[in-house]
2 protein chains.
Amino acid sequence: MSLSVSGWVTLAHGCHGRRHTAYGLLWRPHEGVDVTKRPTLADVAARAGLSKTAVSLVLNDRPGSRLSADAVARIHEAARELNYRPNAAARSLRLGRTGTVGFISDEVTITRFASAMIRGLLDVADENENGVLIAETGNHPKQLAKALEFMVDRQVDGLVFGALTARLLELPTLPESMRAVTVNCVSPTVPTAVLPSEEEAGYAVARQLLDAGHGAGLAILGNAPVAQSDPHVSVTIGRRFNGIHRALSEAGVTPVAVEDFEFWEPWHGYDAAKKVLESGAPVTGLICLNDRVAFGAQQALTERGLRVPDDVSIASFDDDEIASYMRPALTTARLPYEEMGRQAMELLLRPDDATGEHLVEMPLQVRGSVRSLG
Amino acid sequence: MSLSVSGWVTLAHGCHGRRHTAYGLLWRPHEGVDVTKRPTLADVAARAGLSKTAVSLVLNDRPGSRLSADAVARIHEAARELNYRPNAAARSLRLGRTGTVGFISDEVTITRFASAMIRGLLDVADENENGVLIAETGNHPKQLAKALEFMVDRQVDGLVFGALTARLLELPTLPESMRAVTVNCVSPTVPTAVLPSEEEAGYAVARQLLDAGHGAGLAILGNAPVAQSDPHVSVTIGRRFNGIHRALSEAGVTPVAVEDFEFWEPWHGYDAAKKVLESGAPVTGLICLNDRVAFGAQQALTERGLRVPDDVSIASFDDDEIASYMRPALTTARLPYEEMGRQAMELLLRPDDATGEHLVEMPLQVRGSVRSLG
DNA sequence: GTCTGTTGCTGAAAGGTTTTAGCAGTGGCG
DNA sequence: CGCCACTGCTAAAACCTTTCAGCAACAGAC
């Protein structure tokens, strides 16, 4: 091993070769400091000439404790000289909490679609000095059990359950003292949930096309009867359609085509768009149920020599990676994964528990794929 | 709170409403079992009428210990009845290890591009009964220091450092006893690294087009002088180009166009392709330095009425999401994130440390974007 | 009868922290 | 002086596990 020791952790970043310690700048062992063993409270106490109690009191600055200014100074100095850091295991053992939360999901972390959710979760956890333990179940009950077991054993201070698609999960009953939040999913056993505000988004997307004058030539790609009605598949797709239909009925509009399919990959969108175009329906505006469907639809349009938005306008949902890669870029209602992650972690960490369903706005990203008629 | 307690963790999954515990099926409190407090070794010992020592010995089945078959049975039964699970904090305190490893990266977890790396890491960690603590630095030295501090404090058994692009990191000197592996990056302080086998991939991609007869009309989109020479930007892009150039010079081929740009987003590919086409160079084959560049290039081709692969063939690198969405799907050398993650975790967890650089093959995904001439 | 070895089991220490209870000393008040 | 309150500090217990050292009982060998 070519690793060397210089204190506990010595950082040397950047291109400038400056050296830091993780705990302050430039820590070098002081005289009489044993570098091979992590210092303990007892070591600090000995060096400061005081008791462990005193050191613990000062380092955690407990309010009621009245130690002389001199003692406080000596303790801080000794801790700094020894580069003391508390032992997390000992502290957890004593305190029963760990400063760590768990995140368990089906496959949020291991697929590309909702990465931003982790960003939100990690950011807030970090702001609150919490670490995050991650486990993915791949939807296997056994993996879920294992993950939960692991987290409960480690005495995580709370649990966030996530899912790739917003659906009803049958999560276990948790120990009463365990705080928990679901994000992009719901479970009867977890009282607080964070979900995207899909009804509103459905309404906004439909309005975008209606307001641009596409009421007479509107098609819907990706109507999904199962997802709309089975909460184990989705609890939000139904709401998304409710929003769409509310906008349509307010405007007295009936779509010229509605294509049913449950899985929303580009090739499904391609096939559906092709079918609609071949049917001869007078389509000028397309509501695609996600960006991948929209992407596929655009491919079908291009093949027939139709242009977006000149010939056909498209609006969609998710704000996936490809939405901004398309030419023109896609007008779409963003799934606010990052904000949902943030909010979930905040709800978990805030002492006041606001149980219930927390809806996070899905902002409409207005880009070039919708053209106003006339 | 609507959470209720039935043992420590009770699972009720699936649509069938079957009930499990995390530790076995259907755990219900036995008589004389206090459900409000997690049982300890002492509780098990008391119930089995034996000492804590005996229980510990049996439950960890230590080889040398000779307890009667009856005692062993009684202990197992008591543990099962109480639904005993060892306290991880106490164990860590005693043992100095935690069964947890840390993963620290710039932004692997929080962006979509390398999610598969986490999948590989988590899978192997899980197979070895290890948990994973995750932290992202966003490339801020302070965040790195904080993450490291946290992990070292928690006494993780090892650390994996990851990066989104394979580059040289200036990681801190770690405590001597801390095992560490870098994945998709290298650091002078960490002796074992996992990287994609880019030279080979560059060669294979170039050969794909050369073998298809595009030697006379080859263009390269995304030549990146800085990335090729500055290891802080990339340690592998240079190798990728070495592979490409080796194939070209073996075939005695000089490209008809080479477009330089360092950032490989779709719009860069679009601009570059447009420029090459407008220059009138007789292009029949495009080597794009990643899939997003290829995607943009195809947009430019389409706009000029050129078709892939009929008019122009494309081969590329990464096997990004969009590679399989394109029509035709893209022939591309896959960045093997998942396999790299797996291998990194295996190297970390295996007791025998194989220091050095471990190259993981980048398999060529042959799809429809390359047409054979004549 | 003594010695040796084995079997089956246990007491107690150690690991590092937090916290309760309390000690010794000092000063003020009646 | 007697009492009280306060200041500045500490001993020891508790959190739960693993493991070292060793005890009691018994069998077999001499």
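Residues numbered from 1 in each chain as written. Chains lettered and ligands numbered in written order. Predicted model: local features only at pLDDT ≥ 70, side-chain atom pairs only at ≥ 80, totals over all residues. Heavy atoms only, no water.

Draft legend 1. Region of interest: the side chain of serine 187 of chain B. All names here are of chain B. Among the structural elements, serine 187 can be located in the loop between β7 (179–186) and β8 (192–196). On the accessibility criterion, serine 187 (6% relative accessible area) is buried. In terms of polar contacts, serine 187 uses its side chain to reach the backbone amide nitrogen of leucine 171, at 3.4 Å. There is a polar contact of 2.8 Å between the side chain of serine 187 and the side chain of threonine 189. Once you skip the residues sitting within four places of it in the chain, serine 187 turns out to touch Leu168, Leu169, Leu171 and Thr182. (Helix = DSSP H or I, 4+ residues; strand = E, 2+ residues; numbered from the N terminus. Buried < 20%, exposed > 50% of the residue type's maximum accessible area, 1.4 Å probe, protein only. Polar contact = N/O pair within 3.5 Å; in protein donor to acceptor, adjacent residues only side chain to side chain. Contact = heavy atoms within 4.5 Å.)

Draft legend 2. How the structure looks around the protein's contact with DNA strand C. In the vicinity of DNA strand C, 26 residues are found, and the nearest of them are Leu41, Arg62, Tyr84 and Arg94 of chain A together with Ser68 of chain B. Take the atoms of DNA strand C that sit within 4 Å of the protein: sugar and phosphate atoms are 52% of them. A distance of 2.4 Å is found between a phosphate oxygen of DNA strand C and a backbone nitrogen or oxygen belonging to leucine 41 of chain A. Elements that contribute at least two residues to the surface near DNA strand C include exactly α2 (52–59) and α4 (88–95) of chain A together with α2 (52–59) and α4 (88–95) of chain B. Residues that form the surface near DNA strand C fall into these classes: 12 nonpolar, eight polar and six charged. (Near = heavy atom within 4 Å. Nonpolar A, V, L, I, M, F, W, Y, C, P; charged D, E, K, R; others polar.)

Draft legend 3. How the structure looks around the protein's contact with DNA strand D. Contacts to DNA strand D come from 25 residues, most closely from Ser68 of chain A together with Leu41, Arg62, Tyr84 and Arg94 of chain B. The share of sugar and phosphate among atoms of DNA strand D within 4 Å of the protein is 53%. Note that a phosphate oxygen of DNA strand D is positioned 2.9 Å from one of the backbone N or O atoms of serine 51 of chain A. Interatomic distance of 2.8 Å between a side-chain N/O atom of threonine 53 of chain A and a base nitrogen of DNA strand D. Breaking the surface near DNA strand D down by element, the ones donating at least two residues are α2 and α4 of chain A together with α2 and α4 of chain B. Classifying every residue of the surface near DNA strand D gives 11 nonpolar, eight polar and six charged.

Draft legend 4. Main features of the UniProt feature "domain: HTH lacI-type" (unreviewed entry) in chain A. UniProt feature "domain: HTH lacI-type" (unreviewed entry): in the numbering of this structure it lies at residues 39–95 of chain A. Helix and strand shares over residues 39–95 of chain A are 67% and 0% respectively, and the end C-alpha atoms of the span are 20 Å apart. (UniProt positions renumbered as here; feature names shortened; annotations may be inferred.)

Draft legend 5. Region of interest: the pattern of salt bridges. Scanning all chains against the criterion turns up 47 salt bridges over all chains. Among the ionic pairs, glutamate 127 of chain A bridges to arginine 342 of chain A, the shortest N-O distance being 3.2 Å. With a gap of 215 residues between them, glutamate 127 of chain A in helix α5 (residues 115–127) and arginine 342 of chain A in helix α13 (residues 337–349) connect regions that are remote in the sequence. Here aspartate 126 of chain B makes a salt bridge to lysine 146 of chain A, at a shortest N to O gap of 3.4 Å. Of the two residues, aspartate 126 of chain B sits in helix α5 (residues 115–127) while lysine 146 of chain A sits in helix α6 (residues 141–153), which places them in two different chains. Residue class for aspartate 126 of chain B comes out partly exposed when judged on its relative accessible area of 24%. Residue class for lysine 146 of chain A comes out partly exposed when judged on its relative accessible area of 25%. Each of Glu199, Arg207, Asp211, Arg246 and Glu250 of chain A takes part in one network of salt bridges that share partners. (Salt bridge = Lys/Arg side-chain N within 4 Å of Asp/Glu carboxyl O.)

Draft legend 6. Expanded view of the relation of the copies chain B and chain A. Each copy superposes on the other: chain B lies on chain A with an RMSD of 0.1 Å after a rotation of 180° and an axial shift of 0.0 Å. The symmetry that links the two subunits is that of a two-fold axis. In this assembly, 100% of the residues forming the interface of chain B have copies in chain A that are likewise at the interface, indicating an isologous arrangement. (Least-squares fit on C-alpha atoms with pLDDT ≥ 70 in both.)

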